[in-house]
Amino acid sequence: MTKAELNRIGVIGGGAWGTALAALSAEQGETILWARNAEVVDSISHHHLNPLYLPGVPLPPQLKATGDLGQLKDCDALVLAVPAQTLRQFAEMIRHSLPLAAPLVIAAKGIEIATGLLPSDVLAELLPGRPLAILSGPNFASEVARGLPAASTLACADESLGAALVQRLGRPTFRPYLSDDVTGAQIGGAVKNVLAIACGIVIGRKLGDNARAALITRGLAEMTRLGLALGAKRETLMGLSGLGDLVLTCSGTQSRNLSLGIALGEGKTLAEIMGARRSVAEGVHTARAIEALALKLGVEMPICAAIDAVLHKQASIDHMLAALLARPFKAE
């Protein structure tokens, strides 16, 4: 498959990341963005802006937007930039509205709570036989949309499709690096959100930079153990979709999961924080899924387990911190 065969790209999801990816794609060829929110569709179509999710970022005038999923029926590839917990719902919509075999590019990060499945496994179950790719890396949507330099992992089992997607979506300021490790590219994007909440708690409680650095490093060890247990490659977890995304999400001020953790550390309740937000902090949902998956696989992930306990089991932050600090000393 060549870049020329990916002339028309459809992006499903009118949030910040979906809009940023659609803007990237529109600069290099025909692109249509589907959004559920009619206000988003109208603003992109008439004003070339998405003030709800990417305020102040001008979008390419050639980018088209629609609220009718059927308008994507002739696309050569579909990018799914939707929350991980809604991916099954969108797969059902695609199955009924877009029956053709266009490749699917997953830009969602997380693990399905109900099943413990990775996004690729959810799509393989509902849309068997569809070529799949994963786009994941240390990317804040607003920076990508504004043309600031960024890199990402594009993982695809089909090398020719992966190469075509890299050429179609890449540009000098957005550099996708090709991989064949579809599993590994999804693990980092899921686990890092949970670890970012933990880092935020450290910041909110003013526990210091030493503590945050240690947490990031030991969190990377947890991410690696889970990834290897699922068949991922170690080098993927040390790359852009693993370590790179972890560093960004645990340190970048734009990180939704980090800011949620900071608010928790400062004493706010989860309900208070979530009630004031428009965008999803995926780590809240993923913490529960990772804890269940780690138990199933017999993988030790104490930091992720502690965050799940704080978010979903009414454990206090002080108790969680004391338990982590009381763990026995061990070899690295």
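Residues numbered from 1 in each chain as written. Predicted model: local features only at pLDDT ≥ 70, side-chain atom pairs only at ≥ 80, totals over all residues. Heavy atoms only, no water.

**With respect to the overall build of the protein**
- When its secondary structure is counted, the protein shows 15 helices and eight strands.
- A globule of 332 residues ought to have a C-alpha radius of gyration of about 20 Å, and the protein, at 19 Å, matches this closely.
- Judged by the C-alpha coordinates and their principal axes, the protein covers about 55 × 40 × 35 Å.
- Long-range pairs, those at least 24 residues apart, make up 71% of the contacts in the protein between residues at least 6 apart in sequence.
- Counting every atom, the protein has about 14,100 Å² of accessible surface; 56% of that belongs to carbon and sulfur.
- Of the charged side chains in the protein, 30 are positive and 29 negative; the average position of the first set lies 3 Å away from that of the second. (Helix = DSSP H or I, 4+ residues; strand = E, 2+ residues; numbered from the N terminus. Rg over C-alpha atoms; globule rule 2.2 N^0.38 Å. Contact = heavy atoms within 4.5 Å. Areas by Shrake-Rupley, 256 points an atom, 1.4 Å probe, with all protein chains shown as cover. Lys, Arg positive; Asp, Glu negative; His and termini not counted. Charge placed at Lys NZ, Arg CZ, Asp CG, Glu CD.)

**So, the environment of G67**
- Position of G67 relative to the elements: it lies in the loop between β3 (64–66) and β4 (77–80).
- Excluding residues within four positions of it along the chain, G67 makes contact with W34, A35 and V41.

**Examining the environment of L243**
- Here L243 lies in helix α10 (residues 240–251).
- Here the alpha-carbon distance between L243 and P138, two residues 105 residues apart in the chain, equals 8.8 Å.
- Among all residues touching L243, those that are not within four sequence positions of it are L220, L237 and M238.

**Some points on the side chain of D245**
- Examined against the element boundaries, D245 turns out to sit in helix α10.
- Exposure remark for D245: the relative accessible area of 1% places this residue in the buried category.
- When residues no more than four places from it in sequence are discounted, the contact partners of D245 are K109, S136, G137, P138, G189, K192 and L240. (Buried < 20%, exposed > 50% of the residue type's maximum accessible area, 1.4 Å probe, protein only.)

**Focus on the pattern of salt bridges**
- Applying the stated criterion across every chain, the model contains 14 salt bridges.
- One salt bridge in this structure joins R88 and E112, with 2.9 Å as the shortest N-O distance. Taken as a pair, R88 in helix α3 (residues 87–97) and E112 in the loop between β5 (104–106) and α4 (119–126) lie far apart in primary sequence, 24 residues in all.
- The class of R88 is partly exposed, set by a relative accessible area of 22%.
- What makes E112 buried here is its relative accessible area of 7%. (Salt bridge = Lys/Arg side-chain N within 4 Å of Asp/Glu carboxyl O.)

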